[in-house]
Amino acid sequence: MADGTGESSSRTEAALRDSEALWREVFEHNPVMYFMVDANGVVQSVNGFGAAQLGYEVDELIGQPVLGVFLEADRPFVKRKMTLCLDDPGRSRNWEVRKVRKDGSLLWVRENAKAVKRADGFLVLIACEDITERKDAEDALRQSEMYLAEAQRISHTGSFGWRIATGEIVWSAETYRIFEYDPSLEPTLEIALERTHPDDRAFVRQLLERVARQQANWDVEHRLMMPDGRIKDVRAVAHAVRDGVGNLEFIGAVMDVTASHRAAQDLSRARAELAHVARVTTLGEMTAAIAHEVNQPIAAMVTDAQASLNWLRREPVELGEVRQALDRIVTNGNRAANVIGGIRDLVKKAPPRKDAIDMNQAVSEMIALTRAEISGSGVSLETALASDLPMVEGDRIQLQQILLNLIVNALQAMSAVPQERRKLRITTAHAEPAGVLVSVQDFGPGLSTELIERVFAPFYSTKPGGLGMGLSICRSIVEAHEGRLWVTANEPYGAVFHFTVPANPPL
Ligand SMILES: Nc1ncnc2c1ncn2[C@@H]1O[C@H](COP(=O)(O)OP(=O)(O)OP(=O)(O)O)[C@@H](O)[C@H]1O
Ligand SMILES: [Mg+2]
């Protein structure tokens, strides 16, 4: 019995020793730093791994205040945490804190601590892991997020994501700022549309429905209207992408282009005004010429008419004299008419330059300059520029002047038609035998057959502020380039102005 007991107790002791060895093994080699600290904060025990992580030998730490391995600034914090543990034994607590190695380098650790009661008082058991890499990654992420947010703010560009399957939408801070919503509000299509200008809402909604259906990328400019009536111009660009499980998602950017639009608008207005001033100046020159040239035949006509009246009062009537005077009136009348006709020659006066011009480029430049004016008139623009066009020879500014006049006329012509009809189409094509054809097509009221030639006459205008010189000048320019300018009816409504410029005009 006694033997049996002795045997069993030595087996128990052996088992205990094995178990302790096992736990010591775990304690020593587990890649976790273990500390045991007494109630005064003095290190009672530390595992080899823990000491090595901090660059110490185990003996160097035992008997030392544990606070010595923490960053000085963090020591009060650790002290508070330890007190909390001691106040509530058995409960474990976590915290993240910075430690300092023997060589002075820093590491971030996450500690798990708990106070336990021992015969000789309380001990705090601390297990901690190195989280420096995670902290660095978090810092890097925070840093790059900060850069991104700053870049978005500076460039007035927000970003967004839109998962079609779930309808889930995310906005960046700048997107919230552009839409002027509180960042706590959940983004939805409805709140985005609510800020969309009422006139643009239907078309934006249709566009979104279409791209969601067709899974197509999109790039659109439209207006926003803030609750106080302020208007913003935005451009939204998005790409359709597939997420990990193949669901459609749009990732995009929304830019507040109000300021750049306004600048472009001012520029094109300035340009249009300049063109107008140039026209008025030309007109000033012409008025003097007209006054001078026309006065004379008119005076002669009046004299001849008075003479005829006198001949007719004679008894017998001097019909021969009357006939001669009437002949002279006809001649002088024609002369006066020719003077008016000569106005176009006057405009032609300055010889055009002979540059090699890429017409598509000239057209694109003009479109860029007038884009703000076009969208400001509620007109949507389509362009179709033919490839492989020959270069043409001529005066770039003058040719662009034609485009400007035609675009402005088209916008003015469409100002009274319903918004959905306001469409401007600008195309370039090959012209026979060798040249370029440019067409500007609108969907305004168009021109009756009777007007189709008359509109090119100087001073023909139906506009309150119009000089009626635009088309006349365009025609002079085109003809100086040996090209042709004409207008046809657009189907089902509107007008198409066409002009050609030969590749190598015999200037
Ligand atoms: N696209 C168009 N659609 C319908 N009518 C047009 C169009 N373009 C021109 N017209 C008509 O032709 C007229 C003459 O145009 P033109 O450009 O020569 O002068 P304007 O536009 O009236 O004045 P401005 O000298 O300031 O350009 C216009 O007043 C208008 O009645
Ligand atoms: Mg005009």
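Everything quoted here is computed from the prediction, not taken from an experiment.

Peer 1: How do you make sense of the sheet that holds strand 4 (residues 106–118) when you look at a structure like this?
Peer 2: The strand order 2-1-5-4-3 describes an open sheet built from 5 strands, whose pairing is antiparallel. Each edge of the open sheet is held by one strand with a lone partner, namely strand 2 (43–46) and strand 3 (93–100). Across the sheet, the mean angle separating the axes of adjacent strands is 30° when strand polarity is ignored. Note that strand 4 and strand 5 (residues 121–130) share 10 bridges and pair antiparallel. Across the sheet, residue Val-116 finds its bridge partner in strand 5, namely Leu-123. Strands in contact with helix 4 (residues 75–87) are strand 1 (33–38), strand 3, strand 4 and strand 5; relative to strand 3, the strand with the most contacts, it is inclined by about 145°. Across the sheet, helix 5 (residues 132–155) is in contact with strand 3, strand 4 and strand 5; its angle to strand 4 comes to roughly 130°.

Peer 1: For this particular structure, what's the right way to read the site of ligand 1?
Peer 2: In the neighbourhood of ligand 1, 19 residues make up the surrounding shell, with Asp-442, Ser-461, Thr-462, Lys-463 and Leu-471 lying closest. Between Lys-463 and ligand 1, the recorded distance is 2.6 Å, taken from a side-chain N or O atom to an oxygen atom. The separation between an oxygen atom of ligand 1 and a polar main-chain atom of Leu-471 is 2.8 Å. Of all the secondary-structure elements, those providing two or more residues to the shell around ligand 1 are helix 9 (258–313), helix 12 (396–413) and helix 14 (470–480). Split into classes, the residues belonging to the shell around ligand 1 amount to 8 nonpolar, 8 polar and 3 charged.

Peer 1: I tried to follow the pattern of salt bridges on my own but got confused; where do I start?
Peer 2: Oppositely charged side chains are able to pair whenever their charged atoms sit close together. Scanning all chains against the criterion turns up 25 salt bridges. Residues Arg-134 and Glu-138 are paired through a salt bridge, measuring 3.2 Å at the closest nitrogen-oxygen approach. Of this pair, Arg-134 and Glu-138 both sit in helix 5, 4 residues apart, which is roughly one turn of that helix. Glu-138 sits in the partly exposed class, given a relative accessible area of 30%. Between Glu-453 and Arg-475 there is a salt bridge, and its shortest N-O distance comes to 3.0 Å. In this pair, Glu-453 is assigned in helix 13 (residues 451–454) and Arg-475 in helix 14, connecting sequence segments 22 residues apart. A relative accessible area of 48% means that Glu-453 is categorised as partly exposed. With a relative accessible area of 13%, Arg-475 lands in the buried category. Connected via shared salt-bridge partners are Glu-96, Arg-110, Arg-134, Lys-135 and Glu-138.

Peer 1: Help me understand a nonpolar patch on the surface in this model?
Peer 2: On the surface, a nonpolar cluster with roughly 350 Å² of combined accessible area is contributed by Leu-309, Leu-312, Val-317 and Leu-319. Mapped onto the elements, Leu-319 comes out in helix 10 (residues 319–348).

Peer 1: Hey, could you run me through the environment of Gly-229 in this one?
Peer 2: Within the fold, Gly-229 resides in the loop between strand 8 (218–225) and strand 9 (231–242). Given a relative accessible area of 38%, Gly-229 falls into the partly exposed group. Here the alpha-carbon distance between Gly-229 and His-197, two residues 32 residues apart in the chain, equals 9.4 Å.

Peer 1: Honestly, helix 11 (residues 359–376) in this entry has me stumped. Any pointers?
Peer 2: Side chains of residues three or four places apart in an α-helix project in the same direction, reflecting 3.6 residues per turn. Between its first and last C-alpha, helix 11 extends 25 Å over 18 residues, near the 26 Å set by a 1.5 Å rise per residue. Most pronounced at Thr-370, the bend in helix 11 amounts to some 55°. Those residues of helix 11 not exposed but buried are Met-359, Asn-360, Ala-362, Val-363, Met-366, Ile-367, Leu-369, Thr-370, Ala-372 and Ile-374. Residue Asp-358 occupies the N-cap position of helix 11, its side-chain oxygen lying 3.1 Å from the main-chain nitrogen of Asn-360. At the C-terminal side of helix 11, Gly-378 shows a positive phi close to 70°.

Peer 1: What is the right way to read the sheet that holds strand 12 (residues 380–385) from this model?
Peer 2: Within a sheet, each strand pairs with its neighbour through backbone hydrogen bonds, oriented either parallel or antiparallel. Spatial ordering of the open sheet is given by 12-14-15-17-16, a layout of 5 strands whose pairing is mixed. The open sheet is flanked by strand 12 and strand 16 (484–489), the only strands paired with a single partner. Each neighbouring strand pair of the sheet contributes to a mean axis angle of 15°, computed without reference to strand direction. Direction of pairing for strand 14 (residues 423–431) relative to strand 15 (residues 435–441): antiparallel, over a ladder of 7 bridges. Bridging from a neighbouring strand, Thr-428 pairs with Val-438 of strand 15.

Peer 1: Help me understand the side chain of His-498, please; the structure alone is not making it clear to me.
Peer 2: Looking at the secondary structure, you find His-498 in strand 17 (residues 495–502). A polar atom in the side chain of His-498 sits 3.1 Å from the side chain of Ser-439. Setting aside chain neighbours within four positions, we find His-498 in contact with Leu-437, Val-438, Ser-439, Arg-484, Leu-485, Trp-486 and Thr-488.

Peer 1: What's the story with the packing of aromatic side chains in this structure? I'm lost.
Peer 2: Aromatic rings considered in pairs are described by the distance between their centres and by the relative angle of their planes. For the coordinates displayed, the defined rule picks out 8 aromatic pairs. When the ring of Phe-456 is compared with that of Phe-497, the centres are 6.1 Å apart and the planes differ by 70°; the resulting orientation is edge-to-face. In this pair, Phe-456 sits in the loop between helix 13 and helix 14 while Phe-497 sits in strand 17, placing the two residues 41 residues apart along the sequence. Both residues of the pair, Phe-456 and Phe-497, count as buried.

Peer 1: Explain a negative patch on the surface here, please?
Peer 2: Together, Glu-129, Asp-130, Glu-133 and Asp-136 give the surface a local cluster of negative charge. You can see Asp-130 is positioned in strand 5.

Peer 1: For this particular structure, what's the right way to read the packing of helix 12 against helix 14?
Peer 2: To describe two helices that pack against each other, one gives the angle between their axes and the distance between the axes. Put simply, helix 12 and helix 14 touch, their axes get as near as 9 Å, and they point 150° apart. When the interaxial angle is binned, helix 12 and helix 14 end up roughly antiparallel. The chirality of how helix 12 crosses helix 14 is left-handed. Contacts from Gln-398, Gln-401, Ile-402, Asn-405, Leu-406 and Asn-409 in helix 12 reach Gly-470, Leu-471, Cys-474, Ile-477 and Val-478 in helix 14. Residue classes in the contact of helix 12 with helix 14 are distributed as 6 nonpolar, 5 polar and no charged.

Peer 1: Please clarify how the pairing of strand 5 should be interpreted in this entry.
Peer 2: The side chains of a regular strand alternate between both faces of the sheet. The sheet contact formed by strand 1 and strand 5 spans 6 bridges and is antiparallel. The residue bridging Val-37 from the neighbouring strand is Val-124, located in strand 5. Counting the residues between successive antiparallel strands, the hairpin from strand 4 to strand 5 contains 2 residues.

Reading guide: rules and limits
- Residues numbered from 1 in each chain as written.
- Chains lettered and ligands numbered in written order.
- Predicted model: local features only at pLDDT ≥ 70, side-chain atom pairs only at ≥ 80, totals over all residues.
- Heavy atoms only, no water.
- Pairing = 2+ DSSP bridges.
- Helix = DSSP H or I, 4+ residues; strand = E, 2+ residues; numbered from the N terminus.
- Axes fitted to C-alpha atoms, helices over the stretch in contact; angles between N-to-C directions.
- Contact = heavy atoms within 4.5 Å.
- Near = heavy atom within 4 Å.
- Polar contact = N/O pair within 3.5 Å; in protein donor to acceptor, adjacent residues only side chain to side chain.
- Nonpolar A, V, L, I, M, F, W, Y, C, P; charged D, E, K, R; others polar.
- Salt bridge = Lys/Arg side-chain N within 4 Å of Asp/Glu carboxyl O.
- Buried < 20%, exposed > 50% of the residue type's maximum accessible area, 1.4 Å probe, protein only.
- Patch = residues over 30% accessible without salt bridge, like charges linked within 9 Å, V, L, I, M, F, W, Y side chains within 5 Å.
- Areas by Shrake-Rupley, 256 points an atom, 1.4 Å probe, with all protein chains shown as cover.
- Expected span 1.5 Å × (residues − 1).
- Bend = angle between axes of the 7 residues up to and from the residue.
- Phe/Tyr/Trp six-rings, centres within 6.5 Å; stacked < 30°, edge-to-face > 60°.
- Lys, Arg positive; Asp, Glu negative; His and termini not counted.
- Charge placed at Lys NZ, Arg CZ, Asp CG, Glu CD.
- Parallel < 35°, antiparallel > 145°, perpendicular 65-115°, else oblique.
- Left-handed = near helix turned anticlockwise from the far one by under 90°.

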